[in-house]
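Observations on the model geometry
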Amino acid sequence: MHPDVQKILLSEEQIRERVKELGQQISQDYHAREVLVVGILKGAMIFLADLVRNLSVSTYFDFMAVSSYGSGTKSSGAVRILKDLDKSIEGKHVLIVEDIVDTGLTLKYLVENLKSRNPESLKICTLLDKPDRRTVDVQVDYTGFTIPNEFVVGYGLDFDERYRNLPYIAVLKPEVYQG
Ligand code: PRP
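Everything quoted here is computed from the prediction, not taken from an experiment.

The rules behind these values
- Counting of residues starts from 1 at the beginning of each chain's written sequence and follows it residue by residue.
- Per-residue local features of the predicted model are confined to residues with pLDDT of at least 70, and side-chain atom pairs are confined, for both listing and counting, to 80 or more; whole-chain, interface and lining totals are unaffected and use all residues.
- To obtain the side-chain values, all non-hydrogen atoms of the structure were included, while hydrogens and water were left out.
- Only when DSSP finds a minimum of two bridges between them are two strands counted as paired.
- Secondary structure elements follow DSSP: runs of H or I no shorter than four residues count as helices, runs of E no shorter than two count as strands, and numbering proceeds from the N terminus.
- Angles run from 0 to 180 degrees between N-to-C directions of axes, and those axes are lines fitted to C-alpha atoms, restricted for helices to the stretch in contact.
- By definition in these notes, contact holds between two residues if any of their heavy atoms fall within 4.5 Å.
- The near set for a molecule or strand comprises every residue that places at least one heavy atom within 4 Å of it.
- Polar contact is the term for a pair of N or O atoms within 3.5 Å; when the atoms are in protein, one must be able to donate a hydrogen and the other to accept it, and sequence-neighboring residues count only if both atoms are side-chain atoms.
- Surface accessibility in these figures is a Shrake-Rupley result with a 1.4 Å probe; residues are shielded only by whichever protein chains are displayed.
- A 1.4 Å probe that fits but cannot get out identifies a cavity on a 1 Å grid over protein atoms alone, an open set with protein on both sides within 12 Å along at least five of seven lines counts as a pocket, and a residue lines either if it has an atom within 4 Å of a point.
- Grid points are joined across faces, edges and corners, and a volume is the space filled by probe spheres set on the points.
- Under the scheme applied, nonpolar residues are Ala, Val, Leu, Ile, Met, Phe, Trp, Tyr, Cys and Pro; charged residues are Asp, Glu, Lys and Arg; polar residues are all the others, including Gly.

1. Focus on the sheet that holds strand E4 (residues 79–83)
Neighbouring strands of a sheet are bound in pairs by backbone hydrogen bonds; such pairs are parallel or else antiparallel. Reading across the sheet, the six strands line up as E4-E3-E2-E5-E6-E7 and stay open at both edges, with mixed pairing between neighbours. Here the strands that pair on one side only, and so sit at the sheet edges, are E4 and strand E7 (142–146). The mean angle between the axes of side-by-side strands here comes to 30 degrees, regardless of whether they run parallel or antiparallel. As paired elements, strand E2 (residues 35–41) and strand E3 (residues 59–68) share seven bridges and run parallel to each other. What sits directly across from Ile40, in E3, is Met64. Sheet strands in contact with helix H3 (residues 105–115) are E2, E3, E4, strand E5 (93–101) and strand E6 (121–129), and its direction is about 170 degrees off that of E5.

Laid out in structure tokens, this is it:
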């Protein structure tokens, strides 16, 4: 275990099993259709990489990077697109892949933005859901794990851009946050 980690919330094994189940469910739901997986950078990258290897449907990828307009205005829901999709999604079956839904503001913005581009369908898959933190309503179609309101890192999620490479989801020791 990493020395900065206080406890492991979700082990590699638990994540692997759940990601496999999600992949099977998504493959069934999309069966004969092609799915355009839209990964939201950077947090979703590890989950996405594992998820798509559990999909048996034809899969294409595109990526977006977004950031909220600073912590002070986060509640406004204003989101800045740092990297947009490479191609049109018109007529495509789009599956947004996120690492975590927290307040829901990022996803609400993304859903509204992507819907306006006329995809054939639009669904959301998130590895983690923290419903206690939600301030806006978002309809999530596939959720890996519902977790309590604790700050978590690993498997793509960061604290100050660190710990994304941990193979599990963990809570850090309090002294790490306090610097
Ligand atoms: C995280 C996460 C979601 C968003 C969720 O991204 O990946 O995009 O926050 O929070 P919300 O529900 O409160 O909007 P972050 O801005 O930390 O960027 P990152 O993915 O590059 O770590």
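2. Here we look at the site of the ligand
In the vicinity of the ligand, 15 residues are found, and the nearest of them are Glu98, Asp99, Thr103, Gly104 and Thr106. One of the backbone N or O atoms of Gly43 is found 2.8 Å from an oxygen atom in the ligand. For the ligand, an oxygen atom lies 2.5 Å from a polar atom in the side chain of Asp99. Here the ligand loses 82% of its free accessible area of 500 Å² to cover by the protein chains. Every element with two or more residues in the shell around the ligand is listed here: E5 and H3. By residue number, the principal contributor to the shell around the ligand is E5, which donates four residues.

3. Quick look at the side chain of Asp129
Tracing the sequence through the fold places Asp129 in strand E6. There is a polar contact of 2.7 Å between the side chain of Asp129 and the side chain of Arg134. Beyond its immediate stretch of four places on either side in the chain, Asp129 contacts Val101, Arg134, Thr143, Phe145, Thr146 and Ile147.

4. Description of the layout of surface pockets
Roughly 230 Å³ of volume is contained in the second largest pocket. Along the walls of the second largest pocket sit Glu34, Val35, Leu36, Tyr60, Phe61, Asp62, Lys87, Ser88, Ile89, Gly91, Lys92 and His93, which together make up its complete lining. The greatest single-element share of the lining of the second largest pocket, amounting to three residues, is contributed by E3. Looking at the lining of the second largest pocket residue by residue, the class counts come to five nonpolar, three polar and four charged.

5. Quick look at unusual backbone geometry
With omega at -5 degrees, the peptide bond leading from Leu41 into Lys42 counts as cis. Mapped onto the elements of the fold, Lys42 is located in the loop between E2 and helix H2 (45–52). For Asp160, which is not a glycine, the phi torsion comes out positive at approximately 55 degrees. Residue position: Asp160 is located in the loop between strand E8 (152–153) and strand E9 (169–172).

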